[in-house]
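Descriptive analysis of the structure
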Amino acid sequence: MAAVHREAIQKQIQQDWANREYIEVITGSIKKIADFLNSFDMSCRSRLAVLNEKLTTLERRIEYLEARVTKGETLT
């Protein structure tokens, strides 16, 4: 009777360790995914900021050229 009880406890302990290992793997994977997504977010924000600066520069240049054309100035 005691041996059966001991085996049941051992199985519960083994199952508990297996569950803890599984949870640790899942938690580690979630952390890696979160790190990747945060890195990707920062990279995208940086690239979009650079593109925004370039677009702003182009828009200003176009406005300048349009103003010159409207005034009848030559573009040379």
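It should be noted that the structure appears before, not after, this text.
Residues numbered from 1 in each chain as written. Predicted model: local features only at pLDDT ≥ 70, side-chain atom pairs only at ≥ 80, totals over all residues. Heavy atoms only, no water.

Remarks on the overall build of the protein
Test applied: Think of it this way: any DSSP run of H or I at least four residues long counts as a helix, any run of E at least two long counts as a strand, and we number them from the N terminus. The quantity called the radius of gyration is restricted to C-alpha atoms. Its globule counterpart is 2.2 Å times the number of residues to the power 0.38. Working definition: with a 1.4 Å probe on protein chains only, accessible area under 20% of the residue-type maximum means buried, over 50% means exposed, and in between means partly exposed. The Shrake-Rupley method, run with a 1.4 Å probe, gives the accessible areas here. Residue values count only the displayed protein chains as cover. Neither His nor the chain ends is counted toward charge; the positive residues are Lys and Arg and the negative residues Asp and Glu. In this description, the location of a charge corresponds to atom NZ of lysine, CZ of arginine, CG of aspartate or CD of glutamate.
When you go through the protein residue by residue, the secondary structure sums to one helix and zero strands. For the protein, the C-alpha radius of gyration of 32 Å lies well beyond 11 Å, the compact-globule estimate for 76 residues. Residue burial in the protein is summarised as follows: out of 76 residues, 1% are buried. Accessible area for the protein stands at about 7500 Å²; split by element, carbon and sulfur atoms hold 61% of it. Across the protein, 12 positive and 11 negative side-chain charges occur, with their mean positions spaced 2 Å apart.

Notes on the packing of aromatic side chains
Applicable threshold: Two rings from Phe, Tyr or Trp (for Trp, the six-membered ring) form a pair when their centres sit within 6.5 Å of each other. Planes less than 30 degrees apart are called stacked, planes more than 60 degrees apart edge-to-face, and all others tilted.
By the definition in use, this model includes one aromatic pair. Centroid distance phenylalanine 36 to phenylalanine 40: 6.0 Å. Interplanar angle 20 degrees. Geometry classified as stacked. With phenylalanine 36 and phenylalanine 40 both in helix 1 (residues 2-71) and four residues apart, the pair spans about one turn of that helix. Its relative accessible area of 52% is what places phenylalanine 36 among the exposed residues.

Observations concerning the pattern of salt bridges
The test is simple: The rule for a salt bridge is simple: a side-chain nitrogen of Lys or Arg has to be within 4 Å of a carboxyl oxygen of Asp or Glu.
Tallied over the full model, the rule gives two salt bridges. Two residues, aspartate 16 and arginine 20, come together in a salt bridge whose shortest N-O distance is 2.7 Å. Residue aspartate 16 and its partner arginine 20 are located together in helix 1, separated by four residues, close to a single helical turn. In this structure, arginine 45 engages aspartate 41 in a salt bridge whose closest nitrogen and oxygen atoms are separated by 2.9 Å. Note that arginine 45 and aspartate 41 are positioned in helix 1 at a spacing of four residues, about one turn of the helix.

Remarks on a nonpolar patch on the surface
How we decide: Patches draw on residues past 30% relative accessible area with no salt bridge. Two like charges within 9 Å are joined, as are two nonpolar side chains (Val, Leu, Ile, Met, Phe, Trp, Tyr) within 5 Å.
On the surface, a cluster of nonpolar side chains totalling about 420 Å² of accessible area is made up of Tyr22, Ile23, Ile26 and Ile30. Its place among the elements puts isoleucine 30 in helix 1. Given a relative accessible area of 53%, isoleucine 30 falls into the exposed group.

Some words on helix 1
How we decide: What a helix should span is 1.5 Å times the count of its residues minus one.
Between its first and last C-alpha atoms helix 1 spans 102 Å; for 70 residues at 1.5 Å apiece the expected length is 104 Å, and the two agree. Count one or two residues on from helix 1 and you reach glycine 72, which has phi positive near 85 degrees.

Any functional reading would require information that these geometric values do not contain.
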